[in-house]
Amino acid sequence: MRIEDFLLCSGKYSKTHLTDYVLDVAIGAYDSERKGKQSVRFNVEAWVENLPVEDDLSNVYNYEEIIGSIKEVLSKGHIDLQETLAASVAKQVLSNPMVKAVKVKTEKLDVLTDSASFGIEIFVEQHDQN
């Protein structure tokens, strides 16, 4: 069983996700990639400990924090590697103590002519950050 499945099956966690969020990003290690921005698709899943909801936003993880995390990472300037981008987004999302684990998938959409995308996916748990 994958750890992601275990987290959901435990009943202790819920998963909040952002799907197919596309931004133009200053990314790439090659000189040709440094001349402009590239379209990057983000898919982020955050596992959050279940709290009593009581229809109160303060008791749940605000999904807008995922978008804020991505934008915070991108605001720091050019990134050479998708691995760095994914790890930085994961670290930023995990800075909220409600988030116990995160999966980040990034895909460059403009890099290959014979494929839809090239990407990376990582999974990080809160305790992995120490």
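Right above here is the structure, for reference.
Residues numbered from 1 in each chain as written. Predicted model: local features only at pLDDT ≥ 70, side-chain atom pairs only at ≥ 80, totals over all residues. Heavy atoms only, no water.

A closer look at helix α2 (residues 64–74)
Working step 1: For α2, the complete set of buried residues consists of I66, S69, I70 and V73. Buried residues in α2, looked at end-on, bunch into an arc of 95°, giving them a common side.
Working step 2: On its buried face, α2 is in contact with β1 (13–25), β2 (38–49) and α3 (82–94). (Buried < 20%, exposed > 50% of the residue type's maximum accessible area, 1.4 Å probe, protein only. Helix = DSSP H or I, 4+ residues; strand = E, 2+ residues; numbered from the N terminus. Arc of directions from axis to C-beta. Contact = heavy atoms within 4.5 Å.)

Description of the nonpolar core
Working step 1: One finds F42, I70 and V89 to be the most contacted residues of the largest nonpolar core, which totals 28 residues.
Working step 2: Only β1, β2, α2, α3, β3 (99–108) and β4 (118–125) provide two or more residues apiece to this core.
Working step 3: With 6 residues, the single largest contributor to this core is α3.
Working step 4: Those residues within four positions of I70 in sequence are excluded, and the remaining contacts are L18, Y21, L23, F42, V44 and V89. (Core = buried A, V, L, I, M, F, W, Y, C linked by side-chain atoms within 4.5 Å.)

Here's the deal with a nonpolar patch on the surface
Working step 1: A cluster of nonpolar side chains, V111, L112 and F118, forms an exposed patch at the surface whose accessible area comes to about 250 Å².
Working step 2: With respect to the secondary-structure elements, F118 resides in strand β4. (Patch = residues over 30% accessible without salt bridge, like charges linked within 9 Å, V, L, I, M, F, W, Y side chains within 5 Å. Areas by Shrake-Rupley, 256 points an atom, 1.4 Å probe, with all protein chains shown as cover. Salt bridge = Lys/Arg side-chain N within 4 Å of Asp/Glu carboxyl O.)

Focus on the layout of surface pockets
Working step 1: The volume enclosed by the largest pocket comes to roughly 180 Å³.
Working step 2: For the largest pocket, the lining is made up of 15 residues, of which E33, L81, Q82, K108 and F118 are closest to its centre.
Working step 3: Per-element tally for the lining of the largest pocket: the top contributor is β4, with 3 residues.
Working step 4: For the lining of the largest pocket, the residue count by class is 8 nonpolar, 3 polar and 4 charged. (1 Å grid on protein atoms, 1.4 Å probe; cavity = no way out; pocket = protein on both sides within 12 Å on 5 of 7 lines; lining within 4 Å. Points joined across faces, edges and corners; volume = space filled by probe spheres on them. Nonpolar A, V, L, I, M, F, W, Y, C, P; charged D, E, K, R; others polar.)

Some remarks on the packing of aromatic side chains
Working step 1: In total, this model carries 1 aromatic pair according to the counting rule given.
Working step 2: For the ring pair W47 and F123, a centre distance of 5.5 Å and an interplane angle of 75° mean the geometry is edge-to-face. Here F123 lies in strand β4 and W47 lies in strand β2, a separation of 76 residues in the sequence.
Working step 3: For W47, a relative accessible area of 0% corresponds to the buried category.
Working step 4: The class of F123 is partly exposed, set by a relative accessible area of 24%. (Phe/Tyr/Trp six-rings, centres within 6.5 Å; stacked < 30°, edge-to-face > 60°.)

Examining the pairing of β2
Working step 1: Burial runs high along β2: 10 of the 12 residues are buried.
Working step 2: Judged from the 11 bridges that link them, β1 and β2 form a sheet pairing that is antiparallel. Bridging from a neighbouring strand, D24 pairs with S39 of β2.
Working step 3: Where β2 meets β3, 9 bridges bridge the pair, whose relative direction is antiparallel. (Pairing = 2+ DSSP bridges.)

In short, shape yes, function no, at least from these values alone.
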